[in-house]
Amino acid sequence: MSLVVGLDPAHRSTAVLHLAAMLARSADTDLVVATVLPQTWPMAAGSADAEWRGYTRDTANLVLDHAAAVLGGTVRAEYLVHEASSARRGLAELAVDRDAALIVIGSSSAAPVGRIALGSESDALLHASPVPVAIAPRGFRAAEGAEVGRVTAAFRGTDSSGDLVLGAAGVAAGVGAELRIASFAVVPPESGTSGAGLDAEKRIARQWTEDIERQAGELLARVSHLEEAPRIAATEIGVGDSWDSAMAQVAWRPDEVLVVGSSTLGPIARVFLGSHAAKVVRHSPVPVVVVPRGAAVPDLD
C-alpha cells in the first residue's frame, strides 16, 4: 500500500509534500512522488520535438529533486516521471498500478493562502479517480514529524455520509487519531425587508441542528462499539450567514484532516463533488480527503 503524490512538472510545490509526509508518517506507508508528462506520438522524432521532450523531462526531474530535498528522507519515497495522455489519467494509472490508498495533490495557485481551489486538471481528477483524493490548502505546512491528530468527518445527515463517518472512524483508529463529526449550514442574513422569511430560515436551522446532533450521537454510539474504536471528540456544528462564517464556527487544529464524501449523483466508485461538498472543500482551512461514492474511507494502516 502506498500514497501517490502528484506534482506539477513545471512548478515546485511544498504544500502537497508537507501533507503527503504527514499522511505517510501517520499510516507508516510509502510515497510514490510523480510528475506526469504528456505522451508524444511515436513518429515525432524531429529535432525540435526531441529538444522539447528533453527540456520538459529535465524540468520535471528538477521538480522531483526539489521534492526529495523537501522530504529530506523523513519518509520512504520513490520519485518518478510518468507519461500519460493527461495528468489525471496518469495519476489514476499510478494509483491502480501501485495499489495506492490515496492520491495526494495540491491546490490551484488561484486559491487564497490557507484555502483550496481546484484547477482544470485537479477537477478532472476528482471526476475520474478510483481512490480518495487528499488536497492540500495553498501554503499548507506541517510541523516537523507531524502526524494526523484528528480526523473530522463532514456529516450531512444522509445514509451515505453516515457510512463515511464509520469509514473515517476506522482510519482515525488506524493512525491513532481522534474522530470528530462536523456539519455546516448557511442561513442568509436578514434582507432588510420582512423578517418572516429569515425567522423561518432560523427555525429550519434549529430543527436541522437538533436532527444532526441526534443522528451524530447515534453514529458515535456505533463507533464506540467498533472492535478498534478511535478516541471521540465532541461533535461540532457550524451555522453562519456565509460558508466562511459557518466553517469558522468550528475550531480547527493544524494536525487535522477533513473527510468529505462525493455526491450521490456522481458515478459509482468515482469521486464527484456535489455543490454542498464543493463549498465545504473550497472553504476548508485544513487538508481535505474526498472519498468516492460508495467507497469507505481507505484503511491507511
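Here goes a summary of the coordinates provided.

Each value, and the rule that gives it
Residues numbered from 1 in each chain as written. Predicted model: local features only at pLDDT ≥ 70, side-chain atom pairs only at ≥ 80, totals over all residues. Heavy atoms only, no water. Helix = DSSP H or I, 4+ residues; strand = E, 2+ residues; numbered from the N terminus. Salt bridge = Lys/Arg side-chain N within 4 Å of Asp/Glu carboxyl O. Buried < 20%, exposed > 50% of the residue type's maximum accessible area, 1.4 Å probe, protein only. Phe/Tyr/Trp six-rings, centres within 6.5 Å; stacked < 30°, edge-to-face > 60°. Lys NZ or Arg CZ within 6 Å of the ring centre and 35° of its normal.

### Details of the environment of Asp241
Relative to the helices and strands, Asp241 is located in the loop between strand E9 (236-240) and helix H7 (243-248). Considering only alpha carbons, one finds Asp241 and Val187, 54 residues apart in sequence, at a separation of 4.9 Å.

### Observations regarding the pattern of salt bridges
By the definition in use, this model includes 10 salt bridges. Glu83 is the partner of Arg57 in a salt bridge, and the nearest nitrogen-oxygen pair spans 3.2 Å. One end of the pair, Arg57, is in helix H2 (residues 47-71); the other, Glu83, is in strand E3 (residues 77-84), and 26 residues separate them in sequence. Its relative accessible area of 28% is what places Glu83 among the partly exposed residues. Between Arg150 and Glu256 there is a salt bridge whose closest N-O contact spans 2.9 Å. With Arg150 in strand E6 (residues 150-154) and Glu256 in strand E10 (residues 256-261), this pair connects stretches of sequence that are 106 residues apart. As far as burial versus exposure is concerned, Arg150 and Glu256 are alike and both buried. Among the charged side chains, a salt-bridge network with shared partners connects Arg150, Arg180, Glu236 and Glu256.

### Side note on the packing of aromatic side chains
Evaluated as defined, the whole model comprises one aromatic pair. Lying across the ring of Trp252, Arg180 places its NZ or CZ 5.0 Å from the centre.

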